[in-house]
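# Summary of the model geometry
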Amino acid sequence: MERLRHDDPPRLGPYLTLARLDADSFDGGAVPERRYLARTADGERTVLLCAPLPDAAAPAAWAMEAELASRLSVPRFLRPTSQGSEAGLPWYAVPYTPVLPLPAALAAHGGPLPEDLVRRLGAALAAGLAAAHARGQAHAGVSPAAVLIGAAGPLLGCFGAVRSAAPWGPPGLDPGCLAPELRSGGRPEPLGDVFALGAVLAYAASGHTVPEQSELPPGLRRLLASCLARDPADRPSAPQVLHALSTTGPARTPAPAPAAAPATTVLDEQAPPPLPGRVVAALAAQSAELLASELPAAPPARPAPQKVH
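A brief look at the structure comes next. (Residues numbered from 1 in each chain as written. Predicted model: local features only at pLDDT ≥ 70, side-chain atom pairs only at ≥ 80, totals over all residues. Heavy atoms only, no water.)

Turning next to empty space enclosed by the protein. Counting across every chain of the model gives 4 cavities of 30 Å³ or more. The volume enclosed by the second largest cavity comes to roughly 80 Å³. Along its surface, the second largest cavity is lined by 13 residues, and Ala140, Gly141, Val162, Leu182 and Asp193 are the ones closest to its centre. The dominant element in the lining of the second largest cavity, judged by the number of residues it contributes, is helix α5 (residues 190-206), at 3 residues. A class-by-class count of the residues in the lining of the second largest cavity yields 9 nonpolar, 2 polar and 2 charged. (1 Å grid on protein atoms, 1.4 Å probe; cavity = no way out; pocket = protein on both sides within 12 Å on 5 of 7 lines; lining within 4 Å. Points joined across faces, edges and corners; volume = space filled by probe spheres on them. Helix = DSSP H or I, 4+ residues; strand = E, 2+ residues; numbered from the N terminus. Nonpolar A, V, L, I, M, F, W, Y, C, P; charged D, E, K, R; others polar.)

With 50 residues, the main nonpolar core has Leu102, Leu113 and Leu156 as its most contacted residues. Discounting chain neighbours no more than four positions away, the residues touching Leu102 are Leu113, Pro144, Val147, Ile149, Val200, Tyr203 and Ala204. If you look at the next biggest cluster of nonpolar residues, it comprises 14 residues, including Ala66, Val94, Leu148 and Leu290. (Core = buried A, V, L, I, M, F, W, Y, C linked by side-chain atoms within 4.5 Å. Buried < 20%, exposed > 50% of the residue type's maximum accessible area, 1.4 Å probe, protein only. Contact = heavy atoms within 4.5 Å.)

This part is about the pairing of strand β5 (residues 82-86). The pairing of β5 with strand β6 (residues 89-95) spans 5 bridges and is classified as antiparallel. The partner of Ser82 across the bridge, within β6, is Ala93. Hairpin remark: β5 followed by β6, antiparallel, with 2 residues in the connecting loop; positive phi at Ala87, about 50°. (Pairing = 2+ DSSP bridges.)

Written out as structure tokens, the structure is:
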């Protein structure tokens, strides 16, 4: 949790903002949207509340992506449960559960995550992407900040950040996660998500989205190099990444697999990946701090217009 800044909205829809989810700066790139921890005035509901950046070129496009995300039922995708607009600023909300953005999880852990945890997190995210890709839908916003780590496993937020961006590029999206074809103006496609997923896993394992090979665990080098191939045709599909990460032993470039998401995976019978103790402690601290937060005074309602006689 981070303190609100003077330019943060005190209220969006029925929710009073209590704190920012993200720090002003961290090693891992900026965040393509504003994210708040918020609560209704009666204290009954606590949510993760998201809104576009102040300099977003197309808030209407951002709102359209939020609407699309609310209609998708994809594992591991953050799914808005309510949305609206306040003074022209669109927003969406999801029920609160303690989560840390991936950069905050690395900061709490004190450095890159263990290889086994990177594999498990990557497999969960690849399963979600595979399900979306099977429906012809690209996430188009995968980055370290988009990955939210919680006790129930990872979630992917920032849906459609590339699609709703200005022509000169999405503000707040780590450039290391943008596939070459997107940097040259191409449309977001599933294999662009695979490139971004490779950059995210490289970040989780090394602290950088564009690391040296020597910084990566040997068991992940070949797979991540294939995900980060400049030519999309040289990248594996999301189901292939899932298969490679779900097998034990050193990762290898998987054999061709069907493009559609598998009906079941080894993850279906597994518990969420165990998190390092310091990450668990950070999640608990966030929850405790939020529970102790006092609601700010609600902004006064606008007075009704007076009739002139």
